[in-house]
Amino acid sequence: MPAPVETDSEISLVGVHKWYGVYHALDDINLEIGRKERIVICGPSGSGKSTLIRCINRLETHQEGRIIVGGVELTDDEKNIDVVRREVGMVFQHFNLFPHLTILENCILAPVWVRKMPKAKATEIAMHFLERVRIPEQAGKYPGQLSGGQQQRVAIARALCMNPKVMLFDEPTSALDPEMVKEVLDTMVSLAQEGMTMICVTHEMGFARQVADRVIFMDQGKLIEQASPKEFFDNPQNERSRLFLSQILH
Amino acid sequence: MLGKLILNYPEAARRMGLLLIAALIVTGLYALGISSAWIGKIFPAAVDWLKENKQFGRLVSAVIITFILAVNWALLQLLSRRQQIAAIWIELFALLMLFFYSFDLSISFIARKIGFMISQGVVTTLFISSISIAIATLIALAGAIAKLSKNGVVYGIATFYTSLFRGLPLLMQIYIIYLGLPQVGYVISAIPAGILALSLCYGAYMTEIFRAGIESIHRGQTEGATALGLGPNQTMFLVILPQAMRVIVPPTGNQFIAMLKDSSLVSVVGVWEIMYLARTQGQTEFRHIEMLITASMIYWVLSIGLEFIQSRIEAHFGRFNAR
């Protein structure tokens, strides 16, 4: 086991920088996220919000600063990365379900191969979560046979099967047809109400108002403003936040 | 002008078109110098007339054949698609047999030799091919992963290997391995040399197929697997390769069929496989063509077997695409 780092937060980022070539994708990000906290990150496209959450499970590598998740610091050490990835679930914009596996096989793959869980136990857990996202009857189908909303709910169930402490959502409703957005948001709301630590990159401001403890606004790789949803929507402090809100709220 | 004609009289235009095609076929057959002797065989009464009118006989022969083709085509249109396919296969196969029959082959000679062709030749060919296929697949997999590696040394080895073994003729590779390895103190017998050459050569071709297949899988699949905590090897073998197989299998089937036949090149170093036996068995009685045709048919049958296996594997890896 990697040595735990003393911190009260579930996730803490200290002075994090990332560059793609000369492009400064993340510029001095400092962020503490407490246990069971629900964070919504918003900002214009290219502002670094996806990059930020992808650094938290090391899909992207930060170049400066420290990222500590559940007391484990993300370094080049593969062991630490494995530990963090097991505890952090992620839901993608394009679902990234495995099309060659059935819904159930998608859900039990990681528990069986990463957690070394017996197949029967993994199946039991998977069915439990598929019931929670209200599609247990689709367990035997392939992802291609499901609607976008159903696929995204499967993706959420698949991540939950690993029993993560933190869930990352990277624009989970952006690729969905409008009538399917609600079913996914409902699933996310019920997850939030159960006390899951959640970091959501989303432009669903209704969702932010309803469940977020904190809204974070990013622009050009910088963390511009963070506030409670009420403060952020009703009285944004920063000029760029105001401009952004006026553009998306019409 | 012509367009107007076609629009106003579509039926007439269609018939004109068909006549034109028929005329083209007749001209083509005539120009190829088709024989009219077959008419004489069917209607002995016409023999003398054909002798006197050689050119006209050729023309008549071309017209009759075109007419038979047209009737055949029209009749085939009455069948369902599956029946059409079966009927065409039977017809073309009959024509092929007719072609071979025209060589005046000694069936009894073939019947005498075919047992040995199969027990020695087919067994050796299948032995060499199947081992080479297995090794080539492993090489291709390793090569593809190496070609996608960020490590420059690994990438360099893989690119040098594929470049070299795709760049040299297979025949040269067989000679170089069989005659060259003993020079550096490693004496290799003919069959292992053949297997080594085939594996290395086809491994190089298939490396490219495997690489393209792996690259065809969207990056999101790797990210999804990585985010779930799967390691790089688990991601490759549980998530990427099973999907890549759909892209990899059809061209790999092609390669296997090509390899089966290229195994005939191993005959140059004296391995008793189908090709070697075809050349040597016919020699004693000057019945070369019998043995060559027999060998060809054997290769064809083996290839059909591989095609069948390929279609089964394709169905297996494509099943998730069913709606």
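Residues numbered from 1 in each chain as written. Chains lettered and ligands numbered in written order. Predicted model: local features only at pLDDT ≥ 70, side-chain atom pairs only at ≥ 80, totals over all residues. Heavy atoms only, no water.

(A) Layout of the interface of chain A and chain B. Contacts between the two partners involve 23 residues from chain A and, on the opposite side, 20 residues from chain B. Where chain A packs against chain B, one counts one salt bridge. A salt bridge links Glu223 of chain B to Arg54 of chain A, with the shortest nitrogen-to-oxygen separation between them at 2.6 Å. If you look at where chain A meets chain B, you find six residue pairs in polar contact (both at pLDDT 80 or more). At the level of elements, β6 (88–91), α3 (103–113) and α5 (148–160) of chain A are the ones that each hand at least two residues to the side of chain A that touches chain B. (Contact = heavy atoms within 4.5 Å. Salt bridge = Lys/Arg side-chain N within 4 Å of Asp/Glu carboxyl O. Polar contact = N/O pair within 3.5 Å; in protein donor to acceptor, adjacent residues only side chain to side chain. Helix = DSSP H or I, 4+ residues; strand = E, 2+ residues; numbered from the N terminus.)

(B) Up close: the pattern of salt bridges. Summed over all chains, the structure comprises 24 salt bridges over all chains. Glu183 of chain A serves as the salt-bridge partner of Arg153 of chain A, at 3.0 Å between the closest nitrogen and oxygen. Of this pair, Arg153 of chain A sits in helix α5 while Glu183 of chain A is found in helix α6 (residues 178–193), placing the two residues 30 residues apart along the sequence. A residue is classified by how much of its surface remains accessible, and Arg153 of chain A, at 6% relative accessible area, is buried. The network of salt bridges with common partners includes Arg54 and Glu60 of chain A together with Arg219 and Glu223 of chain B. (Buried < 20%, exposed > 50% of the residue type's maximum accessible area, 1.4 Å probe, protein only.)

(C) Region of interest: unusual backbone geometry. Residues and elements named next belong to chain A. In this structure, Asp28 is a non-glycine residue whose phi angle is positive, near 55°. Along the chain, Asp28 falls in strand β2 (residues 23–33). Classification of Asp28 by relative accessible area gives partly exposed; the value is 41%. The backbone of Lys116 sits at a positive phi, close to 55°, despite the residue not being glycine. With respect to the secondary-structure elements, Lys116 resides in the loop between α3 and α4 (119–132).

(D) Representation of a nonpolar patch on the surface within the structure. Residue and element names in this part refer to chain B. On the surface, a cluster of nonpolar side chains totalling about 850 Å² of accessible area is made up of Ile85, Ile88, Trp89, Leu92, Leu95, Leu98, Tyr101 and Ile304. Looking at the nonpolar patch, the element that brings in the most residues is helix α6 (residues 81–101), giving seven residues. Here Leu98 shows up in helix α6. (Patch = residues over 30% accessible without salt bridge, like charges linked within 9 Å, V, L, I, M, F, W, Y side chains within 5 Å. Areas by Shrake-Rupley, 256 points an atom, 1.4 Å probe, with all protein chains shown as cover.)

(E) Representation of the sheet that holds strand β10 (residues 222–227) of chain A in the model. Residues and elements named next belong to chain A. Pairing within the open sheet is mixed, and its six strands lie in the order β6-β7-β8-β3-β9-β10. Edge positions in the open sheet fall to β6 and β10, since each of these has one partner strand only. Sheet twist, expressed as the average angle between the axes of neighbouring strands with direction ignored, equals 20°. One ladder, built from five bridges, connects strand β9 (residues 214–219) with β10; its direction is antiparallel. (Pairing = 2+ DSSP bridges. Axes fitted to C-alpha atoms, helices over the stretch in contact; angles between N-to-C directions.)

(F) Representation of the side chain of Arg58 of chain A in the model. Residues and elements named next belong to chain A. Its place among the elements puts Arg58 in the loop between α1 (49–56) and β4 (64–69). For Arg58, a relative accessible area of 9% corresponds to the buried category. Polar side-chain contacts of Arg58 include one of 3.3 Å to the backbone oxygen of Thr75. Apart from residues no more than four positions distant in its own chain, Arg58 is found in contact with Leu74, Thr75, Asp76, Ile81 and Arg85.

Keep in mind that these numbers describe shape and distance, not what the molecule does.
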